[in-house]
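Each chain, letter by letter, is given below.
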Amino acid sequence: TWHLKKIPQIVKERTFSLDSPKFEAKTKLELNSVCGIECQRKLPVPSLSDLKNLLSYETIFENGTRTLTEVNVLGAVLDPAANTTTRRPSRKKRQIYGTDSRFSIYDKRFMTNFPFNTAVKISTGCSGILVSPKHVLTAAHCLHNGKDYVKGSKRLRVGLMKTKSRGNGRKRKGTSDGMPSFQWTRVKSTHIPKGWFKGVTGDIALDYDYAVLELKRPHKRKYMELGISPTIKMMPGSMIHFSGFDNDRSGQLVYRFCSISEESNDLFYQYCDAEPGSTGSGIYLRLKEPDKKKWKRKIIAVYSGHQWVDINGEQQDYNVAVRITPLKYAQICFWIHGNDENCTQG
């Protein structure tokens, strides 16, 4: 069941103008040297002043101007056991673990219907998910390498799926229906948490690998709501689901589901088969609504990609996702609504 939680408040304090970025970073769909499971365990619990710094955010606009917004955090619960991890049996392999368990979605009825229609393509080579009539959630490293914005983010666009049709509007026959074409929409502004920037953390902080894009015009499609990420124990079969545009299956929408192997307070470590290109996909669960018999899907994490992480002094690889904690829910909700009044419960 989805459990309602009281959400901390993110309150805007002041906004500064910054110099325009250079847009010279190269897009890297796989990150190296990030804080892994052992490293996560040793991290101190952030203080309130740390949280205010990490959750302050940069906004970059379509015309290249950039601002920094400082925030205050009200009602945050600082958990002293925040970075403990739950261990499960592990194995060493690559991004495709054993038999490839991904599904390419060919049927246009599925592709253009919920939940698959919420998957979008980002022009820098990543995926994302629709989270409001005008907003897309994706991974921060699809747009910024920790020091500068990537080259392709200067004229950022989002591709929404549509099935191919001839000029007269009739759908093509045969398997070509399974290859989505995209309606590309310009991005008006992008928000990235300050915790992602190397100048703040000294290294890339995977915990903050998420970003929200505001589109220039509403997309008029069904989107997926945010949810607070439950612990592994609270998930049916510990199973998560996500869809994206993996590079090795060009032009196809690829769906997968799997169980989570380990978790920290901010990250899920799992063996969902995924190739670069699916980075930034929204990971979702299907749980029952409180006091109702209806099931509801909600986004509970952002897929960050394949990572080598340190475990007992050895390098082990996982596919890693950034969990939507109450604090991240408050921040993303604030970015979507522009106020915290709509973000008191999640």
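Residues numbered from 1 in each chain as written. Predicted model: local features only at pLDDT ≥ 70, side-chain atom pairs only at ≥ 80, totals over all residues. Heavy atoms only, no water.

Chemist: Sorry, what's going on with the overall build of the protein here?
Modeler: Along the backbone of the protein there are 5 helices and 16 strands. Taking all 346 residues of the protein together, the buried fraction comes to 55%. (Helix = DSSP H or I, 4+ residues; strand = E, 2+ residues; numbered from the N terminus. Buried < 20%, exposed > 50% of the residue type's maximum accessible area, 1.4 Å probe, protein only.)

Chemist: I keep staring at helix H2 (residues 48-55) and nothing clicks. Help me out?
Modeler: In an α-helix, one turn spans 3.6 residues, which is why side chains three or four residues apart end up on the same side. Turning to H2, its buried residues number three or more, namely Leu51, Leu54 and Leu55. Summarising the axial view, the buried residues of H2 lie within an arc of 85°, below the 170-degree limit, and thus occupy one face. (Arc of directions from axis to C-beta.)

Chemist: Sorry if this is basic, but what is going on with the state of the cysteines here?
Modeler: In protein chemistry, a disulfide is the covalent bond that joins the sulfur atoms of two cysteines. This structure, assessed with the given rule, holds 1 disulfide. With a sulfur-sulfur separation of 2.1 Å, cysteine 126 is cross-linked through a disulfide to cysteine 142. Given an S-S torsion of about -95°, the disulfide between cysteine 126 and cysteine 142 has left-handed geometry. Of this pair, cysteine 126 sits in the loop between strand E5 (119-122) and strand E6 (127-130) while cysteine 142 sits in the loop between strand E7 (135-138) and strand E8 (157-163), and the two are 16 residues apart along the sequence. Residue classification places cysteine 126 among the buried residues on the basis of a relative accessible area of 0%. (Disulfide = S-S within 2.5 Å.)

Chemist: Quick question: what am I supposed to make of the pattern of salt bridges here?
Modeler: Side chains bearing opposite charge may pair, as long as their charged atoms lie close to each other. Evaluation of the coordinates by the stated rule reveals 10 salt bridges. Taking the shortest distance from any N to any O, the salt bridge between glutamate 70 and arginine 14 comes out at 3.1 Å. Of this pair, glutamate 70 sits in strand E3 (residues 66-74) while arginine 14 sits in strand E1 (residues 9-18), and the two are 56 residues apart along the sequence. You can call glutamate 70 partly exposed: its relative accessible area is 23%. Note on arginine 14: relative accessible area 46%, which makes it partly exposed. Linking lysine 188 and glutamate 214 is a salt bridge whose minimum nitrogen-to-oxygen distance equals 3.8 Å. Placement of lysine 188 in strand E9 (residues 180-193) and of glutamate 214 in strand E10 (residues 211-215) is noted, with a sequence separation of 26 residues between them. What makes lysine 188 partly exposed here is its relative accessible area of 37%. (Salt bridge = Lys/Arg side-chain N within 4 Å of Asp/Glu carboxyl O.)

Chemist: Honestly, the nonpolar core in this entry has me stumped. Any pointers?
Modeler: Within soluble globular proteins, side chains that are nonpolar generally end up buried alongside one another. Ranked by size, the top nonpolar core spans 69 residues in total, and within it Leu55, Leu137, Val158 and Leu226 carry the most contacts. At 8 residues, the largest contribution of residues to this core is made by helix H5 (residues 326-337). Core analysis: the next-biggest nonpolar cluster, separate from the first, contains 17 residues, Ile232, Phe242, Ile260 and Ile283 among them. (Core = buried A, V, L, I, M, F, W, Y, C linked by side-chain atoms within 4.5 Å.)

Chemist: Just checking my understanding: could you explain the pairing of strand E13 (residues 267-270) for this structure?
Modeler: Side-chain direction in a regular strand flips from residue to residue, so the side chains alternate between the two faces of the sheet. Neither face of E13 is open: one carries Leu267 and Tyr269, the other Phe268 and Gln270, and all of them are buried. Looking at chain direction, strand E12 (residues 253-263) and E13 are connected through 3 bridges and run antiparallel. Residue pairing in the sheet places isoleucine 260 in a bridge with glutamine 270 of E13. Taken together, E12 and the strand that follows it, E13, pair antiparallel across an intervening segment of 3 residues. Pairing of E13 with strand E16 (residues 314-323), which is carried by 4 bridges, proceeds in the antiparallel orientation. By the bridge assignment, glutamine 270 is partnered in E16 with asparagine 319. (Pairing = 2+ DSSP bridges.)

Chemist: What's the story with the confidence of the model for the protein in this structure? I'm lost.
Modeler: Any region with low pLDDT has predicted coordinates that should not be read closely. Predicted confidence across the protein gives a mean pLDDT of 80, with 81% of residues reaching 70 or more. In this model, residues 80-93 is a region of pLDDT below 50 whose contacts with residues beyond four sequence positions or in other chains number 42 contacts. (pLDDT = per-residue confidence, 0-100. Contact = heavy atoms within 4.5 Å.)

Chemist: Would you mind showing me how to read the side chain of serine 153 here?
Modeler: Examined against the element boundaries, serine 153 turns out to sit in the loop between E7 and E8. A distance of 2.7 Å separates a polar atom in the side chain of serine 153 from the backbone oxygen of valine 150. Other than its neighbours up to four places away in sequence, serine 153 contacts Phe23, Thr124 and Leu143. (Polar contact = N/O pair within 3.5 Å; in protein donor to acceptor, adjacent residues only side chain to side chain.)

Chemist: Explain the packing of aromatic side chains to me, please; I cannot follow it from the model alone.
Modeler: How two aromatic rings sit relative to each other is given by the distance of their centres and the angle of their planes. As enumerated under the stated definition, the model contains 10 aromatic pairs in all. Ring centres 5.5 Å apart and planes at 85° place the aromatic pair phenylalanine 116 and tyrosine 255 in the edge-to-face group. Of this pair, phenylalanine 116 sits in the loop between helix H3 (108-111) and E5 while tyrosine 255 sits in strand E12, and the two are 139 residues apart along the sequence. When the centroid spacing of 6.1 Å and the interplanar angle of 40° are considered together, the rings of tyrosine 210 and tryptophan 335 count as tilted. Here the residue tyrosine 210 occupies a position in the loop between helix H4 (198-201) and E10, and tryptophan 335 occupies one in helix H5, the gap between them amounting to 125 residues. Here tyrosine 210 falls in the buried class, since its relative accessible area comes to 1%. Three or more aromatic residues joined by ring pairs make a cluster, and in this case those are Tyr57, Tyr208, Tyr210, Phe334 and Trp335. Above the ring of tryptophan 184, the side-chain terminus of arginine 157 is found at 4.7 Å from the ring centroid. One residue, lysine 328, lies across the ring of tyrosine 208, its end atom 5.7 Å from the ring centre. (Phe/Tyr/Trp six-rings, centres within 6.5 Å; stacked < 30°, edge-to-face > 60°. Lys NZ or Arg CZ within 6 Å of the ring centre and 35° of its normal.)

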